[in-house]
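This is what each chain is made of:
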Amino acid sequence: MIKLYNTLTRRKEELKTREAGKVYMYVCGPTTYNYIHLGNARPIVVFDTVRRYLEYRGYQVIYVQNFTDVDDKIINRAKEENMDAIKLAEKYIEEYFEDADALGVKRADYHPRVTEHIDDIIDMIQTIMDNGYAYEVDGEVYFDVRSFPDYGKLSRRDLDEMRAGARVEVDERKKDPLDFVLWKPAKPGEPAWDSPWGKGRPGWHIECSAMSLKYLFNGFDIHGGGYDLIFPHHENEIAQAEACTKEAPFVRYWMHNGFITVNQEKMSKSLGNFFLVREILDKFSPDVVRFYLLSTHYRSPLDFDDQKLEMNAKGLEKLKNTRARLWELLKGNVVEDVVLEGENRRTYQAVQEARRKFEEAMDDDFNTALGIAVLFEISKEINNYINQRDFYLGKQQVKVISECQKLFDQLGKEVLGIFDLDAGNQVGDSGLEEFLIELLIDVRQQARSKKDWNTADYIRDRLAEKGIILEDTPQGCRWKRG
RNA sequence: GGCGGCAUGGCCAAGUGGCUAAGGCAGAGGACUGCAAAUCCUUUAUCCCCGGUUCGAAUCCGGGUGCCGCCUCCA
């Protein structure tokens, strides 16, 4: 049974999907006027992992992530760069994919863009107006928050209390200061589309309501995003969607991730304390970044600095080493069905137990931190198993090792997505490089057998300079890229 | 001003009533090794403070202190 924390009810609830075996899921994507920073990357990776786990659990996940490709920030940026706004947005969509792909984020089933859904948005605004929840003033359409009694139910805000303390700019044309724009008129030179209210473009919030309803239909399962979207963005999404369909709930479960902080302060564009994903990827490999993002529960804040990434890099390295050992041992061996005894049986059972514990952790509101801890524990058991004095690769052992490998691949690679992310950096050559490394290892082994330590160490040191790490084991020398 | 969150060993971080408070990083010692690396073993916490509830609390309640977030674009 999967439980998840629902922001709407402020408690963990059992996941009961609209349709058996299917999860319809929407995650707010970036406004594409710049490269994404680490704070943007967190929800992307977190919800990608939620999706992967649901799929591991046998659900078919219909996953939608939008791009906001027309908006004030894009228009301003385009002016600065003397560029067409739509083209600028498109450029950064491409850049987005480069970063997200690097972090091992699976593509959504749909990546809808605002500019491709203007008609849907206009239709929706019209319906909201027809239903009496919006009004037009001078080519501008506002949502009438006072007409929607449930307004504030997600963020637990009371309209009257908010009005008292808020520094909301007063626009005389609005009925209430909190009324928000559904459609705004375009100034000359700005991207604009024809509408019943004149040339203009959609307000920010309406797109997500329109596109999620279009692809996932009313009453879909999970809607995700950062904490800072609860108000006003998601509050407004609910108001728009339910004012349009006249049916609640628009969404069954609302999930929100905590912030990335720098020196305990929120990383944000307005504070200027942000780090671009690609800046970080210059210094750390993508699997480390992903591992770091999953090392804390998704609802907690996560502080960023290089030292923390280095810590995580060391931890991840440990898991990768164990996994590499499994691959080496299994190479060329065929698994047969045999009865397991003694240590083999015990280790096999420990692997089953680890899987159970991992699932238990992830079932409980996607506790990736605990799930990772389970991998560390089983990793230690596996190493102990292989380290046994009398260990040899018989049929029983092959079966056990194969089970270990399956565990690592399913939980670590498939669900958490933390393995094999740097594969792209290891540009495949003709195999010549591998051949030469093996050759040098061979020469070194000969030197070692003659106790020619100088030559042996020279080869090892020189290869280390190029990031090739040699490790001598009882089974011979193994190497890896560091 | 309104609303909300957090405070666990040197650092990061699970754990929301009950066996000896997970796991990672760092440190110390040891095993293994030609030396390393990798791996393993050993070792470091009365859970911000005060009061309360309870047979029993890191975990619930009240108060305090500190930090952070939302209320305006922000993942």
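None of these values were measured; they are calculated from a predicted model.

**Notes on helix α1 (residues 38-56)**
Counted at 1.5 Å a residue, the expected span for α1 with its 19 residues is 27 Å, and the 26 Å between its end C-alpha atoms agrees. With 16 of 19 residues buried, α1 lies mostly within the body of the structure. Looking at the residues trailing α1, positive phi occurs at G58, about 100°.

**Digging into the pattern of salt bridges**
Under the definition given, this model contains 55 salt bridges. Among the salt bridges present, the one from D72 reaches K184, with a minimum N-O distance of 3.1 Å. Residue D72 is located in helix α2 (residues 72-81), and its partner K184 is located in strand β7 (residues 180-185); the two are separated by 112 residues in the primary sequence. When the shortest N-O distance is used, the salt bridge between D303 and K308 registers 3.2 Å. For D303, a relative accessible area of 10% translates into the label buried. For K308, a relative accessible area of 29% puts it in the partly exposed group. One network of salt bridges, in which partners are shared, links E317, E328, E471, R478 and K480.

**Observations concerning the nonpolar core**
In this structure, M25, L38, L54, L293 and F366 are the most contacted members of the largest nonpolar core, which totals 79 residues. For this core, the element with the most residues is α1, which contributes 10 residues. Taken together, domain 1 (3-282) and domain 2 (306-425) each give at least three residues to this core, which thus spans both. I118, M162, L178 and C208 belong to the second largest nonpolar core, which has 47 residues in total.

**Overview of the domain arrangement of chain A**
Taken domain by domain, chain A consists of domain 1 (3-282), domain 2 (306-425) and domain 3 (427-482). A C-alpha centroid distance of 53 Å is found between domain 1 and domain 3.

**Describing helix α6 (residues 204-216)**
Spanning 13 residues, α6 covers 19 Å between terminal C-alpha atoms, matching the ideal 18 Å at 1.5 Å per step. For α6, a buried count of 11 out of 13 residues is recorded, marking the element as mostly surrounded by other parts of the structure. Restricting attention to buried positions, one finds in α6 the residues H205, I206, E207, C208, S209, A210, M211, S212, L213, Y215 and L216. Once α6 ends, the next one or two residues include F217, with phi positive near 70°.

**Considerations on the protein's contact with RNA strand B**
Taken together, 54 residues form the shell around RNA strand B, and within it W204, G226, L229, M267 and N387 come nearest. Counting only atoms of RNA strand B within 4 Å of the protein, the fraction found in sugar and phosphate groups is 66%. I260 places a polar main-chain atom, nitrogen or oxygen, 2.9 Å from a base nitrogen of RNA strand B. Of all the secondary-structure elements, those providing two or more residues to the surface near RNA strand B are α1, α5 (159-165), β9 (220-226), α10 (306-330), α12 (368-387), α14 (432-449), α15 (453-465) and β14 (468-473). Top contributing element to the surface near RNA strand B by residue count: α12, with nine residues. Here the surface near RNA strand B is composed, by residue class, of 16 nonpolar, 19 polar and 19 charged.

**Some points on the side chain of R290**
With respect to the element layout, R290 can be found in helix α9 (residues 286-294). Residue contacts for R290: discarding those within four places in its chain leaves V45, D48, T49, R52, L103, G104, V105, V415, L416, G417, I418 and L421.

Calculation notes
- Residues numbered from 1 in each chain as written.
- Chains lettered and ligands numbered in written order.
- Predicted model: local features only at pLDDT ≥ 70, side-chain atom pairs only at ≥ 80, totals over all residues.
- Heavy atoms only, no water.
- Helix = DSSP H or I, 4+ residues; strand = E, 2+ residues; numbered from the N terminus.
- Expected span 1.5 Å × (residues − 1).
- Buried < 20%, exposed > 50% of the residue type's maximum accessible area, 1.4 Å probe, protein only.
- Salt bridge = Lys/Arg side-chain N within 4 Å of Asp/Glu carboxyl O.
- Core = buried A, V, L, I, M, F, W, Y, C linked by side-chain atoms within 4.5 Å.
- Domains from an automatic or database assignment.
- Near = heavy atom within 4 Å.
- Polar contact = N/O pair within 3.5 Å; in protein donor to acceptor, adjacent residues only side chain to side chain.
- Nonpolar A, V, L, I, M, F, W, Y, C, P; charged D, E, K, R; others polar.
- Contact = heavy atoms within 4.5 Å.

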